[in-house]
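Topology and contacts: notes
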Amino acid sequence: MAEKMALAKAINESLRKALEADPKVLVMGEDVGKLGGVFRVTDGLQKDFGEDRVIDTPLAESGIVGTAIGLALRGYRPVVEIQFDGFVFPAYDQIVTQLAKMHARSLGKVKLPVVIRIPYGGGIGAVEHHSESPEALFAHVAGLKIVSPSNASDAYWMMQQAIQSDDPVIFFEPKRRYWDKSEVDAEAIPYPLHKARVVREGTDVTLAAYGPMVKVCQEAAVAAQEEGRSLEVLDLRSVSPLDFDSLQASVEKTRRLVVVHEAPVFFGSGAEIAARITERCFYHLEAPVLRVGGYHAPYPPARLEEEYLPGLDRVLDAVDRVLAY
Amino acid sequence: MAEKMALAKAINESLRKALEADPKVLVMGEDVGKLGGVFRVTDGLQKDFGEDRVIDTPLAESGIVGTAIGLALRGYRPVVEIQFDGFVFPAYDQIVTQLAKMHARSLGKVKLPVVIRIPYGGGIGAVEHHSESPEALFAHVAGLKIVSPSNASDAYWMMQQAIQSDDPVIFFEPKRRYWDKSEVDAEAIPYPLHKARVVREGTDVTLAAYGPMVKVCQEAAVAAQEEGRSLEVLDLRSVSPLDFDSLQASVEKTRRLVVVHEAPVFFGSGAEIAARITERCFYHLEAPVLRVGGYHAPYPPARLEEEYLPGLDRVLDAVDRVLAY
Amino acid sequence: MTVESTAARKPRRSAGSKAGTTGSKRTTSTTPKKGSDTDLVQLLTPEGERVANPEYDRYVEGITPEQLRGLYRDMVLTRRFDAEATSLQRQGELGLWASLLGQEAAQIGSGRALNDEDYVFPTYREHGVAWCRGVDPTNLLGMFRGVNNGGWDPNGNNFHLYTIVIGSQTLHATGYAMGVAKDGADSAVIAYFGDGASSQGDVAESFTFAAVYNAPVVFFCQNNQWAISEPTEKQTRVPLYQRAQGFGFPGVRVDGNDVLACLAVTKWALERARNGEGPTLVEAFTYRMGAHTTSDDPTRYRHDDERVAWEAKDPIARLRAYLLATDHADEGFFAELEAESEALGRRVREAVRAMPDPDHFAIFENVYADGHGLVDEERAGFAAYQASFADVEGGN
Amino acid sequence: MTVESTAARKPRRSAGSKAGTTGSKRTTSTTPKKGSDTDLVQLLTPEGERVANPEYDRYVEGITPEQLRGLYRDMVLTRRFDAEATSLQRQGELGLWASLLGQEAAQIGSGRALNDEDYVFPTYREHGVAWCRGVDPTNLLGMFRGVNNGGWDPNGNNFHLYTIVIGSQTLHATGYAMGVAKDGADSAVIAYFGDGASSQGDVAESFTFAAVYNAPVVFFCQNNQWAISEPTEKQTRVPLYQRAQGFGFPGVRVDGNDVLACLAVTKWALERARNGEGPTLVEAFTYRMGAHTTSDDPTRYRHDDERVAWEAKDPIARLRAYLLATDHADEGFFAELEAESEALGRRVREAVRAMPDPDHFAIFENVYADGHGLVDEERAGFAAYQASFADVEGGN
Ligand SMILES: Cc1ncc(C[n+]2csc(CCOP(=O)(O)OP(=O)(O)O)c2C)c(N)n1
Ligand SMILES: Cc1ncc(C[n+]2csc(CCOP(=O)(O)OP(=O)(O)O)c2C)c(N)n1
Ligand SMILES: [Mg+2]
Ligand SMILES: [Mg+2]
């Protein structure tokens with residue numbers, strides 16, 4: 001059953017399956033139709049499901065999310081594409097003040113099953129606004145759920161689950177992993193959407209990451225093993241809610257935690273994880289939780305991104321430091 | 001020289017002084033002119049400086065900030081008012097992708113001395129969107145500076161400094177303290193804009209807060225003293241940058257830290273403070289840094305805000321807990 | 001009121017256009033015209049005289065005396081309710097109130113043009129429309145009392161929740177209308193917004209989406225001349241109804257204090273929507289007789305004579321004059337209505353006073369439809385914290 | 001291309017308006033008209049014939065043969081530069097390139113209409129305008145090579161940085177123009193944007209602000225028929241130049257492949273701005289001959305015959321024909337220009353290849369004008385981290 005496919009293709013297949021299964025599912029965004037999206041994630045969908053269900057929208061992100069809310073109020077389940085991370089901000093007001101809050105505002109009467117897909121993160125040598133990781137700016141907002149798959153199988157299943165969710169889900173797609181292939185079993189029993197997964201067991205230090213940084217952490221763990229260090233790698237998969245139970249279980253074992261993400265460290269996911277895990281595991285921790293992430297600076301031009309982004313060496317440097325306590 | 005005045009009046013006086021001192025200073029926003037703003041913070045300024053300098057704008061926050069950027073490019077120093085915290089989001093794109101990044105984008109050629117005033121926080125029994133604390137959503141973004149005064153004197157001086165700053169400053173005004181009076185000495189030597197201030201010395205626990213929560217912490221410290229506990233209260237004043245040196249110095253003394261803010265705890269300022277202070281003071285801390293703040297829920301209707309907002313009892317509860325380690 | 005003093009002060013830059021190179025003779029460019037009163041659709045004069053209108057008469061042709069009395073009753077009861085809410089705010093029972101005083105005709109006229117299946121997206125001031133939809137008036141007061149942020153089921157009466165973030169609901173309405181079109185349903189959608197709101201990017205985007213998808217939506221702008229303290233001149237220098245044209249659909253200005261005209265024009269616009277002719281912009285030219293909200297002090301920014309002048313155009317007085325002149329209503333009707341009015345006021349007053357405060361745990365409810373671990377955790381922490389006081393109290 | 005298939009599929013909801021209740025006879029409502037080719041200001045036909053235009057001729061009246069050759073040279077060199085950049089991208093020297101191929105007349109015509117003191121707010125495709133402003137072409141390549149996000153001093157040539165977030169620069173331009181008006185200065189501002197951008201709320205808000213403050217700004221929309229893969233029909237169902245009218249200022253559509261017409265119309269609009277007549281919208285009707293960017297594959301969404309049809313309207317070919325027909329240029333001129341062109345290509349190629357990578361520490365530079373403690377701390381940490389490798393390398 002299982003088939004090896006690229007992450008982008010897995011999302012495509014997942015969208016296709018959802019469009020087939022439920023006539024209320026819509027796909028909408030800039031260039032998602034004929035072009036199939038700038039990353040071809042929606043390739044072929046308009047051809048097969050028509051312009052009525054796979055909708056090329058005007059170039060206006062607030063309009064896209066705002067009309068998706070209206071469509072959801074009418075009983076549709078829109079899957080919205082924001083073309084790149086840096087272009088979600090015109091829609092920020094609709095996401096934060098409307099999409100996130102309408103369920104509560106209506107005392108539960110209204111549900112907004114809207115998925116917002118955002119290709120995010122760097123590493124593809126792009127120009128400004130095409131490489132950012134804004135997840136923390138959404139995680140702080142109650143009413144939203146935030147997930148990010150790290151591999152094709154998760155991408156496939158998590159998209160299914162996000163579309164089925166009656167809550168708004170921001171689906172961050174690790175764009176530099178779009179072309180990475182892995183096995184997708186369309187018949188498997190899916191793993192819970194908001195649960196972290198241990199992707200490599202270890203005993204000395206826990207590395208926690210999501211989306212594009214999981215692979216970096218796995219590579220770091222392999223490299224560390226050669227130096228005799230056993231790193232556990234936790235793929236968090238969900239940023240809101242965060243699976244603190246899995247984090248806690250791992251840290252109680254390893255007693256050391258390094259959190260890795262592309263987003264700037266300052267006010268990033270690592271801060272929340274460090275604060276809460278320190279509270280939960282105060283007597284277990286041998287060292288402070290360390291964070292590896294972007295700097296407090298605009299995402300730099302492409303020729304500097306390698307220095308800006310957390311890579312294997314920076315992760316191993318943090319491992320060294322966390323073990324030095 | 002010193003005069004007792006309300007916090008709102010102190011900002012009014014500070015704006016007046018800036019308008020007098022520099023013809024490039026402008027005040028702009030919805031209802032800032034004839035009405036003097038819904039909180040009367042700009043009262044009388046249009047009458048005295050004209051519609052050319054104190055500008056009633058169309059009802060469009062992105063337009064307000066976007067044109068303020070253009071005015072700054074032309075050499076003006078606009079002080080923009082966003083009427084309430086919950087209405088800043090339509091301007092979020094202009095703030096995050098333009099205002100914050102243009103200095104870097106231009107390799108330092110362009111400076112954007114724009115101040116964005118936002119009355120924020122709850123406790124005034126208002127309807128939805130009028131009581132939020134979105135500072136964390138700005139602090140994560142490099143290129144912005146975020147400050148929040150807790151009293152009239154700081155409000156006066158910090159506004160002077162914010163206007164003089166060549167960087168964009170988001171100036172969060174604690175709206176429920178607008179009517180609180182304290183001494184303002186317009187001849188004093190100002191305290192550095194981004195430096196925290198110990199507003200009460202203590203030895204057992206450090207309480208760190210900014211804006212509206214400073215008063216709550218001070219009251220908590222008084223109450224705690226009756227129980228024989230000595231709490232140090234740190235008024236952080238600046239959220240970006242955060243004055244970690246002052247935090248560290250205090251924590252090295254007290255060995256315990258509780259951070260208090262109205263904003264939701266999840267991904268809030270307290271997370272960043274906890275993460276970094278734990279890293280800096282790992283061997284000094286007797287307990288994890290505890291956080292007291294809003295819940296992961298939309299700001300509730302007015303009749304529930306007392307339960308939602310951190311108050312004296314919740315702060316003291318955290319003090320009890322942090323001392324129990 | 002000048003467009004902007006900036007322009008007025010610099011002699012080199014006079015506001016408005018100069019004679020010479022511009023003008024409507026230019027076939028290759030579109031030049032805006034200033035609006036005049038003749039742009040206004042009116043069926044009832046301020047004095048209550050019925051004036052013929054060849055284009056819109058047919059939408060109110062068969063209207064019966066009973067229906068006319070119904071419109072009158074709607075307006076009177078809405079105003080009564082509104083006044084009650086204002087005094088409840090003064091008495092401390094509400095935290096805030098946004099009065100619709102003066103806008104009854106715009107709201108009742110448009111509200112009564114709707115079918116049950118149509119869907120309404122209001123701002124925070126559409127108490128008259130809510131009335132037409134059958135939403136219990138006391139339900140509107142929950143958010144102003146601070147017990148909830150929206151106290152009714154939007155699908156119960158096809159009347160969405162009040163929306164405070166200016167302009168955002170116009171996009172929801174457009175999306176909803178896109179869905180209506182997809183469903184092939186025979187209904188329409190109406191989005192209310194204000195003159196101030198017309199400046200928001202969201203409103204322009206909703207015009208774009210509605211036009212491009214030919215969505216069955218009516219954009220109903222109540223131009224009540226003010227956005228808090230700012231006159232309409234701070235939002236536009238041409239009449240607002242003209243905004244629609246450049247997006248590819250018609251706009252019309254109607255006398256917003258004339259309930260018949262509002263009814264007729266809205267029916268026309270809804271008919272267009274139902275016929276697949278897409279969106280329409282209706283600008284109801286009206287006046288906010290009171291303060292922006294009970295927190296506002298209009299004496300700071302507008303002269304009382306403006307309000308006095310508009311009082312002469314009162315929407316209720318003019319229909320009353322018409323009803324009397326045509327013998328469509330007698331004193332008995334007015335007396336009965338007066339009594340009904342008082343009863344409504346009493347009922348609302350009592351209902352508000354009896355409205356319980358929400359349970360503390362409501363903070364954590366409905367944050368998510370499918371739950372969220374952190375909310376559960378925080379609710380549990382809150383419960384333990386609350387319980388700790390109960391213990392103390394119990395212990396003492 | 002239909003407006004939207006949603007509408008087309010449901011028989012009950014036909015796109016466009018039906019005869020009957022709507023139409024321009026309705027004096028009280030504005031009904032949009034569909035645009036036609038007669039709306040287009042044209043001074044040079046695709047065949048290079050000069051056609052008279054009573055309204056705009058005066059703006060190019062005194063133009064000399066030398067100036068005409070200058071416009072031609074600008075277009076040729078811009079196209080050459082653009083082609084060089086495209087091939088530099090293919091060779092891996094640039095990460096991306098957004099070609100202006102086909103839009104030379106729109107950009108050179110409008111760019112040459114400007115005074116030195118005027119200020120330009122471009123998108124990411126205004127290489128021709130940059131050329132007119134005197135920005136060294138190689139400076140434009142920095143961001144496409146990935147060495148910076150904007151490689152020139154905006155105040156050096158009154159040419160702002162390229163702006164990628166669609167539409168945002170129109171507000172900057174409007175604010176800048178408000179400042180120009182405040183200063184009483186004798187200059188104007190021009191904001192470039194695309195047909196796709198016209199849907200963004202920011203663009204509508206800039207129209208509102210510009211109109212209300214009567215700001216001296218020209219909104220120059222290059223309608224190149226496509227926003228990546230979406231044709232203009234996905235953004236509007238009426239011609240874009242009509243958008244301005246509802247905001248209270250004129251809009252005009254100009255043949256964007258006719259450099260003379262673009263020059264004339266932009267001069268007219270700038271004159272309006274300088275005379276205090278406020279904003280103008282110019283829609284330059286043109287065509288993106290190439291891909292959206294080098295990352296794009298237009299074969300997926302448009303037919304080649306469309307491009308072929310537009311090739312017949314090529315902006316350079318038509319001016320060449322005119323220059324030849326009028327004897328304003330001879331073969332010597334063209335040959336010389338050819339050589340200059342090649343030299344430019346060479347110079348750009350060499351300059352790009354010589355462009356150094358930025359210093360690593362540039363990450364931390366210019367984040368703030370007045371500094372920020374955290375940036376200093378992170379820079380120090382970065383330095384130490386970098387140094388640790390140096391040590392290892394030194395040690396080995
Ligand atoms: C995005 C946003 N900005 C600001 C406000 C504050 N505010 C509330 S009502 C209002 C004026 C609205 O004017 P208008 O649209 O004319 O409606 P009216 O109140 O006159 O009915 C303003 C500025 C808001 N609610 N939302
Ligand atoms: C806010 C925003 N959304 C999406 C994008 C991605 N994007 C880049 S160019 C483009 C199309 C722009 O079309 P148009 O305005 O017609 O300009 P053109 O590229 O044709 O010159 C899009 C969608 C963006 N840059 N900014
Ligand atoms: Mg109004
Ligand atoms: Mg285009």
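Residues numbered from 1 in each chain as written. Chains lettered and ligands numbered in written order. Predicted model: local features only at pLDDT ≥ 70, side-chain atom pairs only at ≥ 80, totals over all residues. Heavy atoms only, no water.

The name recorded for chain C in an unreviewed UniProt entry is Pyruvate dehydrogenase (Acetyl-transferring) E1 component subunit alpha, from Streptomyces glomeratus. The UniProt entry for chain C carries this comment under Cofactor (unreviewed entry): "thiamine diphosphate". (UniProt positions renumbered as here; feature names shortened; annotations may be inferred.)

Chain A appears in an unreviewed UniProt entry as Alpha-ketoacid dehydrogenase subunit beta from Streptomyces glomeratus. Quoted verbatim from the Cofactor (unreviewed entry) field of UniProt, the annotation for chain A is "thiamine diphosphate".

The secondary structure content of chain A amounts to 12 helices and 14 strands. The C-alpha radius of gyration of chain A comes to 19 Å, within 12% of the 20 Å expected for a compact globule of 325 residues. With respect to the principal axes defined by its C-alpha atoms, chain A has extents near 60 × 40 × 40 Å. Counting only residues that meet the buried cut, chain A has 74% of its 325 residues in that class. For chain A, contacts bridging at least 24 residues in sequence account for 81% of all contacts bridging at least 6. About 8600 Å² of surface is accessible on chain A, with carbon and sulfur atoms providing 47% of the total. Here chain A contributes 36 positively and 46 negatively charged side chains, and the mean placements of these two sets differ by 4 Å. (Helix = DSSP H or I, 4+ residues; strand = E, 2+ residues; numbered from the N terminus. Rg over C-alpha atoms; globule rule 2.2 N^0.38 Å. Buried < 20%, exposed > 50% of the residue type's maximum accessible area, 1.4 Å probe, protein only. Contact = heavy atoms within 4.5 Å. Areas by Shrake-Rupley, 256 points an atom, 1.4 Å probe, with all protein chains shown as cover. Lys, Arg positive; Asp, Glu negative; His and termini not counted. Charge placed at Lys NZ, Arg CZ, Asp CG, Glu CD.)

Once that is clear, we can look at the site of ligand 1. Of all residues adjacent to ligand 1, which total 20 residues, the nearest are E61 of chain B together with Y124, R125, G196 and W226 of chain C. Bordering ligand 1 are residues originating from chains B and C. One nitrogen or oxygen atom from the side chain of E61 of chain B is found 2.5 Å from a nitrogen atom belonging to ligand 1. In this structure, an oxygen atom belonging to ligand 1 sits 2.8 Å away from a side-chain N or O atom of D195 of chain C. Here ligand 1, which alone exposes 580 Å², has 95% of that area covered by the protein. Of the residues contributing to the shell around ligand 1, the split by class is 10 nonpolar, 6 polar and 4 charged. (Near = heavy atom within 4 Å. Polar contact = N/O pair within 3.5 Å; in protein donor to acceptor, adjacent residues only side chain to side chain. Nonpolar A, V, L, I, M, F, W, Y, C, P; charged D, E, K, R; others polar.)

In this section: the UniProt feature "domain: Transketolase-like pyrimidine-binding" (unreviewed entry) in chain A. Within this numbering scheme, the UniProt entry marks residues 5–180 of chain A as carrying the feature "domain: Transketolase-like pyrimidine-binding" (unreviewed entry). Annotation note: span residues 5–180 of chain A, helix share 35%, strand share 17%, distance between end C-alpha atoms 8 Å.

In this section: the coordination of the magnesium ion (ligand 3). Residues and elements named next belong to chain C. Taken together, the protein ligands of the magnesium ion (ligand 3) are D195 (OD), N224 (OD1) and W226 (O), with distances of 2.1 Å. Each donor residue of the magnesium ion (ligand 3) belongs to the same chain, and together they define the spacing D-x28-N-x1-W. Pair noted here: D195 is in the loop between β4 (189–194) and α7 (201–212) and W226 is in strand β6 (residues 226–227), with a separation of 31 residues, a long-range link. Owing to a relative accessible area of 1%, D195 belongs among the buried residues under this scheme. (Donors = N, O, S within 2.8 Å, 3.2 Å for Na, K, Ca; no water.)

Glancing now at the site of ligand 2. As a structural note, the neighbourhood of ligand 2 is formed by 20 residues, with E61 of chain A together with Y124, R125, D195 and W226 of chain D the closest of them. Around ligand 2, the nearby residues trace back to chains A and D. The backbone of I166 of chain D places a nitrogen or oxygen atom 3.1 Å from a nitrogen atom of ligand 2. Take A197 of chain D: an N or O atom from its main chain is 2.9 Å from an oxygen atom of ligand 2. In isolation ligand 2 exposes 580 Å². Once the protein is present, 96% of that is buried. Split by residue class, the shell around ligand 2 holds 10 nonpolar, 6 polar and 4 charged.

Ligation of the magnesium ion (ligand 4) by protein atoms is provided by D195 of chain D (OD), N224 of chain D (OD1) and W226 of chain D (O), these donors lying 2.1 Å from the ion. One chain supplies every donor for the magnesium ion (ligand 4), spaced along it as D-x28-N-x1-W.

Let's shift gears to the packing of aromatic side chains. The full count for this structure, using the stated rule, is 92 aromatic pairs over all chains. Ring plane angle 35° and centroid distance 4.2 Å describe the contact between Y119 of chain C and Y176 of chain C, whose orientation is recorded as tilted. Of this pair, Y119 of chain C sits in strand β3 (residues 119–121) while Y176 of chain C sits in helix α6 (residues 168–183), placing them 57 residues apart in sequence. In this pair, the class of Y119 of chain C matches that of Y176 of chain C, namely buried. Aromatic pair Y119 of chain D and F121 of chain D: ring centres 5.3 Å apart, planes at 35°, arrangement tilted. Relative accessible area serves as the criterion here: at 0%, F121 of chain D is assigned to the buried category. One aromatic cluster in this structure is built from F89, Y92, Y120, F138 and F172 of chain A together with F89, Y92, Y120, F138 and F172 of chain B. Lying across the ring of Y76 of chain B, K24 of chain B places its NZ or CZ 4.4 Å from the centre. The aromatic ring of F247 of chain C is capped on one face by R243 of chain D, whose charged end is 3.9 Å from the ring centroid. (Phe/Tyr/Trp six-rings, centres within 6.5 Å; stacked < 30°, edge-to-face > 60°. Lys NZ or Arg CZ within 6 Å of the ring centre and 35° of its normal.)

On the surface, D327, D330, E331 and E336 of chain C cluster together into a patch of negative charge. Checked against the element boundaries, E336 of chain C lands in helix α11 (residues 331–354). (Patch = residues over 30% accessible without salt bridge, like charges linked within 9 Å, V, L, I, M, F, W, Y side chains within 5 Å. Salt bridge = Lys/Arg side-chain N within 4 Å of Asp/Glu carboxyl O.)

Quick look at the side chain of N257 of chain C now. All names here are of chain C. Along the chain, N257 turns up in the loop between β8 (251–255) and α8 (259–274). Side-chain polar atoms of N257 contact the side chain of T286, separated by 2.6 Å. There is a polar contact of 3.2 Å between the side chain of N257 and the backbone oxygen of K313. For N257, the residues in contact, after removing those within four places along its chain, are G102, A105, F285, T286, Y287, W310, K313, P315 and R318.

Before going further, it helps to spend a moment on the domain arrangement of chain A. Residue and element names in this part refer to chain A. Looking at chain A, the domain boundaries give domain 1 (3–184) and domain 2 (197–323). On a C-alpha basis, the centroid separation for the pair domain 1 and domain 2 is 26 Å. Between domain 1 and domain 2, the contact holds 27 residues from the first and 24 residues from the second. For the pair domain 1 and domain 2, the summed buried area comes to about 1900 Å², and 49% of that belongs to carbon and sulfur atoms. For the pair domain 1 and domain 2, the interface holds 4 salt bridges. One salt bridge connects R176 with E262, and the closest N-O pair in it is separated by 2.7 Å. Sorting the residues of the side of domain 1 that touches domain 2 by element identifies α6 (136–139), β6 (145–147) and α7 (152–164) as the ones contributing at least two each. Here the side of domain 1 that touches domain 2 gets 3 residues from one element, more than from any other, and that element is β6. (Domains from an automatic or database assignment. Buried area = accessible area lost by both parts, 1.4 Å probe.)

Further remarks concern the environment of G44 of chain A. All names here are of chain A. For G44, the position within the fold is in the loop between β2 (25–29) and α2 (45–49). Its relative accessible area of 24% is what places G44 among the partly exposed residues. Each C-alpha atom of the pair G44 and G75 lies 25 Å from the other, and the pair is 31 residues apart in sequence.

With that settled, consider the packing of helix α2 (residues 65–90) of chain D against helix α10 (residues 315–325) of chain D. All names here are of chain D. Interhelical geometry of α2 versus α10 gives an angle of 150° and a closest axis separation of 10 Å. The orientation of α2 relative to α10 falls into the category roughly antiparallel. Note on packing geometry: the crossing formed by α2 with α10 is left-handed. Between α2 and α10, the residues in contact are L68, R69, L71, Y72, M75, V76 and R79 and P315, I316, L319, R320, Y322 and L323, respectively. (Axes fitted to C-alpha atoms, helices over the stretch in contact; angles between N-to-C directions. Parallel < 35°, antiparallel > 145°, perpendicular 65-115°, else oblique. Left-handed = near helix turned anticlockwise from the far one by under 90°.)

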